[in-house]
Amino acid sequence: MNLQWDLNYTTSSINMTIEVRNIMLGGSYSFGFGFSDDENMGDGDLIVVRVTRTSVAIKDCWLYTNGKVVEDSKHSYKLLGYQYSNGVWNIKVERKFQTCDGEDYQLDNGTTNVFVVFPIPNNCILSINGNGCNLSEATKTLTRVQLLKADYRDIPLEPNHKSFSIIAPNITIPTSQTSYVCSIQKLPKFRTKVHAIGFESVIANPGLVHHIEVFMCDANDKYIPQYVGLCDGREVTDAMTCSHVVAAWAFGADPFYYPREAGMAFGVKTASSYVRLEVHYNNPMHIRGLVDGSGIRFHFTENLRPHDLGIMEVGVIYSANMAIPPGQKSFKWSGECPGSCTQADAIASAGIDIIKGLEVFTNEYRKLRLFIHIFQGDSLITTCTFNTENRSNITLGGLGLHEEMCVDYIYYYPATNLEVCKSSISSQALEMYFKLIKLNKLRDKLSIKNRSLGIPRPRNSRPLHHEYDVIKWGNSAVRSLRQLYRFAPMQVNCLRSNGESYPGRWD
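Note that the structure is predicted; figures quoted are calculated from it, not measured. Per-chain numbering applies: the sequence of each chain, read as written, is numbered from 1 onward. Per-residue local features are limited, in this predicted model, to residues with pLDDT of at least 70; the limit for side-chain atom pairs, both in listing and counting, is 80 or more; totals at the level of whole chains, interfaces and linings are taken over all residues. Each side-chain value is worked out from all heavy atoms of the structure, with water and hydrogens disregarded.

1. Overview of the sheet that holds strand β8 (residues 88-96)
- Strands are labelled as partners when DSSP assigns at least two bridges between them. Strands are runs of DSSP state E lasting at least two residues, helices are runs of H or I lasting at least four, and both sets are numbered from the N terminus onward. Read across the sheet, four strands follow the order β1-β2-β8-β7 without closing on themselves; strand pairing throughout is antiparallel. Across the chains shown, the open sheet's two edge strands, defined by having one partner strand only, are β1 (2-8) and β7 (78-85). The mean angle between the axes of side-by-side strands here comes to 15 degrees, regardless of whether they run parallel or antiparallel.
- Where strand β2 (residues 13-21) and β8 come together, nine bridges link them in antiparallel fashion. Paired with Val-20 across the two strands is Trp-89, which belongs to β8. Axis definition: a line fitted to C-alpha atoms, limited for helices to the stretch in contact. Angles are taken between N-to-C directions and run from 0 to 180 degrees.

Structural data, given as structure tokens:
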């Protein structure tokens, strides 16, 4: 079985061709294909194809993480035609990129898991929408791709360009299923300012390297300690000042070259000479003894371009004040870069053009199909949706491997001094929320009505976010937390590239 697709940006649709060989005409069988963000192919579209004698029919369905199949109330996939010849079925199906249907997987230019299920048992077909069709044990194949590409073509490398690489220094890949390994490295010496014009991945172990990021260190730090080891090791703490991302790669991503109008500046006196390389390994078979030299290769030129390329961090502040209750199929965080931060002193009077975004919470980047122009006073809102159905405890925000984040690193030009523009719920609002939760619990316990109890204060002996742990996360508590994050006052980081805050009231 072979699945191919073509993209039509004029009609904003994807045309899929399914080729099934060695099937006798008159036979009866079913199979499926679909799209998902889940590597286990759950929570995604499943298009069930049913071939009966001389005809073909399709059903637009949703495949849940537990393998259950349910037919969508609205069908967004269209059967364009089918043909049988010399033992081969050719079946053509079409759908729009964006269907405005909450029961559909929305195609975008991030990494998508394209999967095929073959065969699907006949008894499963007959029991779709009931409890009898479950594909958790079915045979599936998976391909990870970037379906939608940018609307502009990547610019070819300039004839006289040069290159340098930041690669893992012969790291022995840990045997744990997932691990992050960091190394502090010194950049090459440049005679003068240069412009990086793009980058690409250098992958030594394709099956084990999940994603790679390169972070510039803080120029104010005169001494950057050398380090090679796990990113959650105690020794790497001092190197966490190396947090300004300059390049990132995730599985399925192509090389990325900047538009001719801009380049990433290196060799500037005000910039650091050190970077931190972070490689995420996925080793589900616990293979021992493999040595890795993966990393990022930068291409640069001494012929400077009109603008310096900048990277701005937007989204939600890394903070344990933000949390995700357990057992949630969909829980959202939103971080705002308010218009008061993008005013006159922060970005150029003519505005900036955003060309690309790196979504840290999924560790994949998206080249935008069209440049987005941002004016002074515009607000940028980053929203992330989390699934915690397989978790029994609260998940906090933060930088740890078991914590969550919601951040975009957006590539734009011309570069400005605005480097961080993020928000989270204010500590004062969160403290009041915990007080009210305790008040309601106390009222319920004592069954007291029409009596003022006063509001108990949270215990001061531990950090505020520990109050999340004592809440029983039923529907009412989850609903109140959603409302809190949506409407409560926020605190904002509006920071220059040197880490200083812009003038203004940010709480």
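We are not done yet, so read on.
2. Side note on the pattern of salt bridges
- We count a salt bridge whenever a side-chain nitrogen from Lys or Arg sits within 4 Å of a carboxyl oxygen from Asp or Glu. Scanning the model with the defined rule gives seven salt bridges in all.
- Among the salt bridges present, the one from Lys-162 reaches Glu-302, with a minimum N-O distance of 3.6 Å. One end of the pair, Lys-162, is in strand β11 (residues 162-167); the other, Glu-302, is in the loop between β22 (295-301) and β23 (307-308), and 140 residues separate them in sequence.
- Measuring nitrogen to oxygen at the nearest pair gives 2.9 Å for the salt bridge that ties Glu-278 to Arg-276.
- Connected through shared salt-bridge partners, Lys-162, Arg-191 and Glu-302 make up one network.

3. Observations concerning the nonpolar core
- By nonpolar core is meant a set of buried Ala, Val, Leu, Ile, Met, Phe, Trp, Tyr and Cys residues that side-chain atoms within 4.5 Å join together. Buried means the residue's accessible area, taken with a 1.4 Å probe over protein chains only, is under 20% of the maximum for its type, while exposed means over 50%, and partly exposed covers the values in between. Ranked by internal contacts, the top residues of the largest apolar core, which has 41 residues, are Phe-266 and Phe-298.
- Residue assignment for this core shows that the elements contributing at least two residues are β11, β14 (194-202), β15 (209-216), β17 (244-250), β19 (262-266), β20 (274-282), β22 and β31 (407-413).
- Top element by residues in this core is β15. It accounts for five residues.
- Not counting chain neighbours up to four residues away, the residues in contact with Phe-298 comprise Lys-162, Ser-163, Phe-164, Ile-166, Gly-198, Phe-199, Val-214, Val-246, Ala-247 and Phe-266. Residue contacts are defined here by distance: any two heavy atoms, one from each residue, within 4.5 Å place the two residues in contact.

4. Details of the state of the cysteines
- Throughout, a disulfide means two cysteine sulfur atoms within 2.5 Å of one another. A full pass over the atoms with the stated rule returns six disulfides.
- Shown here is the disulfide that connects Cys-182 with Cys-231, its sulfur atoms set 2.1 Å apart. Measuring handedness by torsion sign, the sulfur bridge of Cys-182 and Cys-231 sits at about 105 degrees and is right-handed. Separated by 49 residues along the polypeptide, Cys-182 in strand β13 (residues 178-186) and Cys-231 in the loop between β16 (228-230) and β17 bring together distant segments of the chain. Each member of the pair, Cys-182 as well as Cys-231, carries the same accessibility label: buried.
- Residue pairing for Cys-217: its cysteine sulfur links by disulfide to Cys-242, the two sulfurs lying 2.0 Å apart. Judged by the torsion about the S-S bond (90 degrees), the Cys-217/Cys-242 disulfide is right-handed. Residue Cys-217 is found in the loop between β15 and β16, and its partner Cys-242 is found in the loop between β16 and β17; the two are separated by 25 residues along the sequence. Of the two residues, Cys-217 and Cys-242, both sit in the buried class.
- Along the protein, the cysteines that take part in disulfide bonds pair up as 1-2, 3-5, 4-6, 7-11, 8-12, 9-10, counted in sequence order.

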